[in-house]
Amino acid sequence: MLASLFTLLRITYLSGNPPTSIERRSPVPSTEPGQGTRSSRRYKRRPAMTVRAAIERDRKILFLRARDESATSPDGCWYFLPGGHVDHGETLEQALRREIREEVGLEVENLRPAFLREFIAGLHEHRSPGMPPDHHVIALIYRCCPIEGSTARFEPAVDGTSEVENLAWIDCDQLEHLDIRPPHLRQALASAGQEEQAFVIWPEE
């Protein structure tokens, strides 16, 4: 048996042609039902990875303020944390610092991963009208502070959301009265300046 195999390989090497008895391997089938082959799974859409920052200063949190028909606050606005997508080759902290610098002009320090949140837009009644229902992200939310001397500035449409109209430093005591997204932040960030809770995961509901 071994002699025959060595002979076959020797003929292949000398002739430069692959033996007809050796076939090219097919993609390995998946063991997961309905998932197809590994090569086909490679092109399936997957959730995007994002990072956001709860930037704290004097018991206030910096939010982006947006206005559209989905808002439930009396002021007609809804509020979300600055941040964005992680680019290929970036670490999470590098992506966060870049996004915060681009969106609000701040340099930040004392970064602490605090919350992990999954979001599938189609499962939520109150979402921005321009957001597609298949929008699906995994967001890692950090708590951090602005570096001393760093000043926030508003960059219109820098995050691609035309509904955003300005920045807002919001007192922690006022969060419960506003349309904060995700709503988990109302209670979680009320502890700004106090002892922080352990890392929390917010699965899609």
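Enquirer: Run through helix α3 (residues 92-104), naming residues and quoting values.
Expert: When the terminal C-alpha atoms of α3 are compared, their 18 Å separation across 13 residues agrees well with the 18 Å that a helix rising 1.5 Å per residue should span. Of all the positions in α3, only Ala-95, Leu-96, Arg-98, Glu-99, Ile-100, Glu-103 and Val-104 are classed as buried. Buried-residue contacts for α3 involve β1 (48-57), β2 (60-67), β4 (83-85), β5 (108-120), β6 (136-146) and β7 (164-171).

Enquirer: Break down the state of the cysteines for me, with residues and values.
Expert: Following the criterion strictly, the structure yields zero disulfides and no others. The structure places no disulfide on Cys-144, whose sulfur is separated from the nearest cysteine sulfur, that of Cys-145, by 6.7 Å. Overall, the relative accessible area of 23% leaves Cys-145 in the partly exposed class.

Enquirer: Describe the confidence of the model for the chain, listing the residues and the values that go with them.
Expert: Residues with a pLDDT of 70 or more make up 75% of the chain, whose mean pLDDT is 80. Contacts of residues 1-37 to residues separated by more than four positions or lying in other chains number 20 contacts, the stretch itself having pLDDT below 50.

Enquirer: Talk me through unusual backbone geometry; I want residue IDs and the actual numbers.
Expert: Put simply, Arg-181 and Pro-182 share a cis peptide bond, and its omega is 0°. Its place among the elements puts Pro-182 in the loop between β8 (180-181) and α4 (184-188). Even without a glycine there, the phi angle at Asp-58 is positive, about 55°. Among the secondary structure elements, Asp-58 is positioned in the loop between β1 and β2. Residue Asp-58 is classed as exposed on the basis of its relative accessible area of 69%. For Arg-59, which is not glycine, the phi torsion reads 60° and is therefore positive. Note on placement: Arg-59 falls in the loop between β1 and β2.

Enquirer: Quick one: what's the story with the pattern of salt bridges, residue by residue and with numbers?
Expert: Enumeration according to the criterion identifies 12 salt bridges in this entry. Here Arg-98 and Glu-102 are joined by a salt bridge, their closest N and O atoms 3.4 Å apart. Of the two residues, Arg-98 and Glu-102 both sit in helix α3, four residues apart, roughly one turn of that helix. Relative accessible area serves as the criterion here: at 16%, Arg-98 is assigned to the buried category. Its salt-bridge partner being Arg-101, residue Glu-107 comes within 2.7 Å of it at the nearest N-O pair.

Enquirer: Go over the nonpolar core with me, naming the residues and quoting the values.
Expert: By size, the foremost hydrophobic cluster in this structure holds 21 residues, and its most contacted members are Ile-55, Leu-96, Ile-100 and Val-104. When residues of this core are traced back to their parent elements, those giving at least two are β1, β2, β3 (77-80), α3, β5, β6 and β7. By residue number, the principal contributor to this core is α3, which donates four residues. In this structure Val-104 touches Ile-55, Leu-62, Leu-64, Pro-82, Thr-151, Ala-152, Arg-153 and Leu-167, once residues within four positions along its chain are discounted. In terms of nonpolar packing, the next biggest core, distinct from the first, is built from 19 residues, Ile-61, Ile-141, Leu-189 and Trp-202 among them.

Rules used in this analysis
- Here the residue numbering is sequential within each chain, running from 1 through the sequence in written order.
- Confidence filtering applies because this is a predicted model: local features only for residues at pLDDT of at least 70, side-chain atom pairs given and counted only at 80 or more, and all residues used for totals across whole chains, interfaces and linings.
- Side-chain metrics rest on all non-hydrogen atoms present in the structure, leaving aside hydrogens and water.
- Numbering of helices and strands runs from the N terminus; a helix is a DSSP stretch of H or I covering at least four residues, while a strand is a stretch of E covering at least two.
- Each helix should span, by expectation, one fewer than its residue count multiplied by 1.5 Å.
- Buried, partly exposed and exposed residues are distinguished by accessible area as a fraction of the type maximum, computed with a 1.4 Å probe on protein chains only: under 20%, between the cut-offs, and over 50%, respectively.
- Only heavy atoms enter the contact rule, under which two residues are in contact if any of them lie within 4.5 Å.
- To count as a disulfide, a pair of cysteine sulfur atoms needs to be within 2.5 Å.
- The predictor attaches a confidence to each residue, called pLDDT, with possible values from 0 through 100.
- Criterion for a salt bridge: a side-chain nitrogen of Lys or Arg within 4 Å of a carboxyl oxygen of Asp or Glu.
- The nonpolar core is taken to be a set of buried Ala, Val, Leu, Ile, Met, Phe, Trp, Tyr and Cys residues, with the residues joined through side-chain atoms within 4.5 Å.

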